[in-house]
Amino acid sequence: MPHGPGTRRRAERTALERAVDEGLLIVRSALVVAVTNQIIRRALQERLPFDEAVATRVTRDEIDRLTTEQAAAAVRVRRLRRMTGRSYGQSRHQFDYRPEDVDALKLREAASKGVARALASRRDDDDFVAEVVAAARSRAWDDVGQTVVDRLGWAARPDDDYDDGRHERLRDLVEGDLARLRAARSAGSPGPVSPS
């Protein structure tokens with residue numbers, strides 16, 4: 001395929017498809033995290049229960065924000081690519097692009113545009129939005145639940161040797177503590193029973 005000044009080379013289709021798919025996965029993960037944070041904040045700071053309609057609205061708003069972000073990234077890369085074509089010499093750092101980087105920058109620009117389009121098309125896709133909301137709700141539950149488990153320590157998970165001697169402890173409870181409590185109640189003593 002000819003290329004040079006005045007001609008445009010399209011990024012290889014398979015590489016572009018792969019870049020858009022991977023970009024969409026990354027953006028979807030960011031979307032789930034943003035909605036998760038909103039669910040947790042709403043529950044803990046505002047003491048409000050989970051509301052699917054609110055989470056759906058937040059998801060669509062985040063999709064709008066991320067679509068705008070991807071479109072802006074494409075514009076930035078296009079400007080950078082155009083400046084790169086006029087630069088000479090060796091790169092001084094990883095963001096100092098040279099003419100040999102133009103094809104990679106074209107791919108990045110096209111990928112950002114593709115992710116923006118794909119994301120925008122999913123904004124009104126009720127199934128996609130519902131999947132994001134469900135994933136965010138599940139993640140919020142896992143995050144909050146893990147915090148509770150971490151704070152409770154052993155109460156959330158007994159010691160590894162908890163089952164050792166359990167039968168004897170239960171027998172002592174029934175034959176000792178509960179028997180003394182029953183005897184004390186029968187005798188009319190409302191006070192606590194001290195262990196023997």
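Owing to the predicted nature of the structure, the values given are computational and were not obtained by experimental measurement.

Draft legend 1. Up close: the overall build of the protein. Scanning the protein from terminus to terminus reveals five helices and zero strands. Along the protein, from the amino end to the carboxyl end, the secondary structure elements read α-α-α-α-α. Of all 196 residues assigned to the protein, the portion counted as buried reaches 27%. Counting contacts in the protein only where the partners sit at least 6 residues apart, residues at least 24 apart contribute 67% of the total. Carbon and sulfur atoms provide 53% of the accessible area of the protein, an area that totals close to 14,200 Å².

Draft legend 2. Examining the pattern of salt bridges more closely. Evaluation of the coordinates by the stated rule reveals twelve salt bridges. Of the charged contacts, one joins arginine 81 and glutamate 109 as a salt bridge, the two residues approaching to 2.9 Å between their closest N and O atoms. Note that arginine 81 is positioned in helix H2 (residues 52-84) and glutamate 109 in helix H3 (residues 102-122), a separation of 28 residues in sequence. The closest approach of N and O atoms between aspartate 124 and arginine 123, which form a salt bridge, is 3.2 Å. One continuous salt-bridge network, built from bridges that share partners, spans Arg78, Arg81, Glu109 and Lys113.

Draft legend 3. Quick peek at a nonpolar patch on the surface. Together, Leu170, Leu173, Val174, Leu178 and Leu181 make up an exposed nonpolar region whose accessible area comes to about 380 Å². Within the secondary structure layout, leucine 178 lies in helix H5 (residues 166-186).

Quick notes on the rules
- Sequence order as written defines the numbering, with residues in each chain counted from 1.
- Given that the model is predicted, a residue must reach a pLDDT of at least 70 before its local features are reported, and side-chain atom pairs must reach 80 or more before they are shown or counted; all residues, however, enter totals for whole chains, interfaces and linings.
- To get the side-chain values, take all heavy atoms of the structure and skip hydrogens and water.
- Secondary structure elements are taken from DSSP: a helix is a run of H or I of four residues or more, a strand is a run of E of two residues or more, and numbering for both begins at the N terminus.
- Between buried and exposed lies partly exposed: a residue is buried under 20% and exposed over 50% of the maximum accessible area for its type, with that area taken using a 1.4 Å probe on protein chains only.
- Between two residues, a contact is recorded if the distance between any of their heavy atoms is within 4.5 Å.
- Note on areas: these come from Shrake-Rupley sampling with a 1.4 Å probe, and a residue is covered only by the protein chains present in the view.
- Whenever a carboxyl oxygen of Asp or Glu lies within 4 Å of a side-chain nitrogen of Lys or Arg, that contact is scored as a salt bridge.
- For patches, a residue must show more than 30% relative accessible area and have no salt bridge; joins then use 9 Å for like charges and 5 Å for nonpolar side chains, namely Val, Leu, Ile, Met, Phe, Trp and Tyr.

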